[in-house]
Amino acid sequence: MRKEQIAKKLPPRYDRCCRYLSAEERAANEAAGLPWTVRFAMPLDGETVVHDELHGDISFKNADNDDFIILKSDGLPTYHLAHIVDDHLMKITHLLRAEEWISSAPRHIQIWRALGWQPPLIYHVPDVLGQDKKKLSKRHNAPSWKTFQQQGFLPEAVFNFLALIGWSFDDKTELFTREELIHVFSLERIGVSGGIYDAEKLAWMNGVYIRKLSLEEFTRRTLPFMERPEAEGGLPASISRPLDFDYTSRVLSLEQERLRTLGEAAAAVSFFYTDEEFDASLLIQKGMDAGKTRAALVRVRDVLASLATWDHEVMEPSIRELINETGLKAGQLLGSIRAAVSGRPHTPPLFTMMEVLGRERTTRRIEHAIARLTGQ
RNA sequence: GGCGCAUUCGUCUAGUGGUCCAGGACGCCGCCCUCUCAAGGCGGAGAUCACGGGUUCGACUCCCGUAUGCGCUACCA
């Protein structure tokens, strides 16, 4: 029957063949052991109005709805019946569900009416959409909470971010703690159109939340991400676990304002734990050559060796003085030192970084850099 | 195909008839700060409020139509 209807370009629907069966015919069918379902006899004409608190009145022609099944042949109720009965028994006052349910709402209104029950306040809320403008779903390429968690997104940040898709407090406030959100949230301010979730903005907001953390908490929450297996994004296997909390805390204090997710931490700070390979060309800054760089680093080594205490406030003036003496640009000298001690072009501020790295490790790395430049 | 919902900067949104030649945020660009990267500060570009008709002294805001997007069209929810 269905195929026939589709072929004729008619809406596929139930032909209501059993709606008008007499009591005798029904009894005969039952006696014959015919399989059966219970369908809801929709009014044949008129319309059903769904009053939605967000969308207003939505009306549907009853003729467009066929006699839908409320009890399946296995004896179990369909969602339509179960939902109304269950909600009524649970004394549900507000019904909030995604907007794709709007189409079946008139059926529910009819069931409520047939049972003589008062429908709750109904809110059909917008969906969170993917880039394809379709509802975010696990079936598609939607990230699950688990993947967010593995990447190091903070629950409070994701919570805050999600709250702002389809809802807003006013024209400027957008950072809310969970408690604040619970306090200021109002159903009236839920919007009607779906919103595409923007990964960039989530990352930004996560960074905001990371920066708000106390160093202690930031460290405690980041440590597990760093200690996880290398293959999962943790530090190289050669670095022994567990990590020292205090040292890691000092390391992370330098990265807190730079991270957008906790998962990025390991890659950003691994050089604080182990010596890493890097291209020697990184040592040579713009306008410099191997010889000049080597000479400069030798003087840096000597200046650092002469310091009584290993403190960035002591190091900085001494190195600045060296910059003046050598006539080099700050970027040239500091860039070389940066590369020597970290093996990277971008790092936290040099002096605090060297302080955390410690005298022994810093000195050894500078010596190593000097040695590498000597052969050239 | 039928029915329904939606439509303000690239994105999330503010806005309920005049205070909007449309405000905030992310992103982008520039400047400042600065040893790099960030963070922060300042500024900029970016929306004929989907389009077309009405209603009104006046429409982003109300009504109608069109387009587009999405949803539903199961003995699934």
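Everything below is about the structure shown above.
Residues numbered from 1 in each chain as written. Chains lettered and ligands numbered in written order. Predicted model: local features only at pLDDT ≥ 70, side-chain atom pairs only at ≥ 80, totals over all residues. Heavy atoms only, no water.

Brief notes about the layout of surface pockets
Where empty space is left becomes clear once a probe the size of a water molecule has been rolled over the atoms.
Thought 1: Taken as a whole, the largest pocket spans an internal volume of roughly 590 Å³.
Thought 2: Lining the largest pocket are 17 residues, with Cys-18, Leu-21, Arg-26, Trp-36 and Thr-37 positioned closest to its centre.
Thought 3: Going through the elements one at a time, helix H2 (23-31) and strand E1 (38-39) are the ones with two or more residues in the lining of the largest pocket.
Thought 4: Here the element with the most residues in the lining of the largest pocket is H2; it accounts for three residues.
Thought 5: Considering only residue class, the lining of the largest pocket consists of 10 nonpolar, two polar and five charged. (1 Å grid on protein atoms, 1.4 Å probe; cavity = no way out; pocket = protein on both sides within 12 Å on 5 of 7 lines; lining within 4 Å. Points joined across faces, edges and corners; volume = space filled by probe spheres on them. Helix = DSSP H or I, 4+ residues; strand = E, 2+ residues; numbered from the N terminus. Nonpolar A, V, L, I, M, F, W, Y, C, P; charged D, E, K, R; others polar.)

A word on the pairing of strand E5 (residues 94-98)
Thought 1: Judged from the five bridges that link them, E5 and strand E6 (residues 121-125) form a sheet pairing that is parallel. Paired with Leu-95 across the two strands is Ile-122, which belongs to E6.
Thought 2: This β-α-β element, E5 to helix H4 (residues 105-115) to E6, shows right-handed connectivity. (Pairing = 2+ DSSP bridges. Right-handed = clockwise from strand over helix to strand, strands pointing away.)

A closer look at the nonpolar core
Thought 1: Counting residues in each nonpolar core, the largest one holds 66 residues, and the members touching the most others are Met-226, Phe-272, Tyr-273, Ile-319, Leu-333 and Ile-337.
Thought 2: Sort the elements by how many residues they give to this core and helix H12 (residues 290-306) lands first, with seven residues. (Core = buried A, V, L, I, M, F, W, Y, C linked by side-chain atoms within 4.5 Å. Buried < 20%, exposed > 50% of the residue type's maximum accessible area, 1.4 Å probe, protein only.)

Observations regarding the environment of Ile-337
Thought 1: With respect to the helices, strands and loops of the structure, Ile-337 is situated in helix H14 (residues 330-342).
Thought 2: When its relative accessible area of 0% is taken as the criterion, Ile-337 is described as buried.
Thought 3: Placed 287 residues apart in sequence, Ile-337 and Val-50 show a C-alpha to C-alpha distance of 71 Å.
Thought 4: What Ile-337 contacts, discounting residues up to four positions off in sequence, is Leu-297, Val-300, Ile-319, Leu-350 and Met-354. (Contact = heavy atoms within 4.5 Å.)

What about unusual backbone geometry?
Thought 1: That bond from Arg-241 to Pro-242 is cis: its omega, -5°, falls within 30 degrees of zero.
Thought 2: On the secondary structure map, Pro-242 appears in the loop between helix H9 (215-227) and helix H10 (245-253).
Thought 3: Here Lys-91, not a glycine, exhibits a phi torsion of approximately 55°, which is positive.
Thought 4: Tracing the chain through its elements places Lys-91 in the loop between helix H3 (79-89) and E5.
Thought 5: The exposure class of Lys-91 is exposed, given its relative accessible area of 69%.

Topic: the packing of aromatic side chains
Thought 1: Applying the stated criterion across every chain, the model contains 10 aromatic pairs.
Thought 2: Between Phe-161 and Tyr-197, the ring centres sit 6.1 Å apart and the planes meet at 80°, which makes this aromatic pair edge-to-face. One end of the pair, Phe-161, is in helix H6 (residues 155-163); the other, Tyr-197, is in the loop between strand E8 (195-196) and helix H8 (199-212), with 36 residues separating them in the sequence. Note on accessibility: Phe-161 and Tyr-197 belong to one class, buried.
Thought 3: Between Trp-167 and Phe-176, the ring centres sit 6.0 Å apart and the planes meet at 65°, which makes this aromatic pair edge-to-face. Of the two residues, Trp-167 and Phe-176, both sit in the buried class.
Thought 4: Positioned over the ring face of Phe-159 is Arg-178, at 4.2 Å from the centre of the ring. (Phe/Tyr/Trp six-rings, centres within 6.5 Å; stacked < 30°, edge-to-face > 60°. Lys NZ or Arg CZ within 6 Å of the ring centre and 35° of its normal.)

Section: the side chain of Arg-107
Thought 1: Here Arg-107 shows up in helix H4.
Thought 2: Since its relative accessible area comes to 19%, Arg-107 is described here as buried.
Thought 3: Sequence-distant contacts of Arg-107, that is, excluding residues within four places in its chain, are made with Asn-65, Asp-66, Phe-68 and His-80.

Considerations on the packing of H12 against helix H13 (residues 312-326)
Thought 1: Between H12 and H13, the shortest axis-to-axis distance is 10 Å and the interhelical angle comes to 145°. The handedness of the crossing between H12 and H13 is right-handed. Together, Arg-299, Val-300, Val-303 and Leu-304 of H12 and Met-315, Ser-318, Ile-319, Leu-322, Glu-325 and Thr-326 of H13 make up the contact between the two elements.
Thought 2: Within the contact of H12 with H13, the residues separate by chemical class into six nonpolar, two polar and two charged. (Axes fitted to C-alpha atoms, helices over the stretch in contact; angles between N-to-C directions. Left-handed = near helix turned anticlockwise from the far one by under 90°.)

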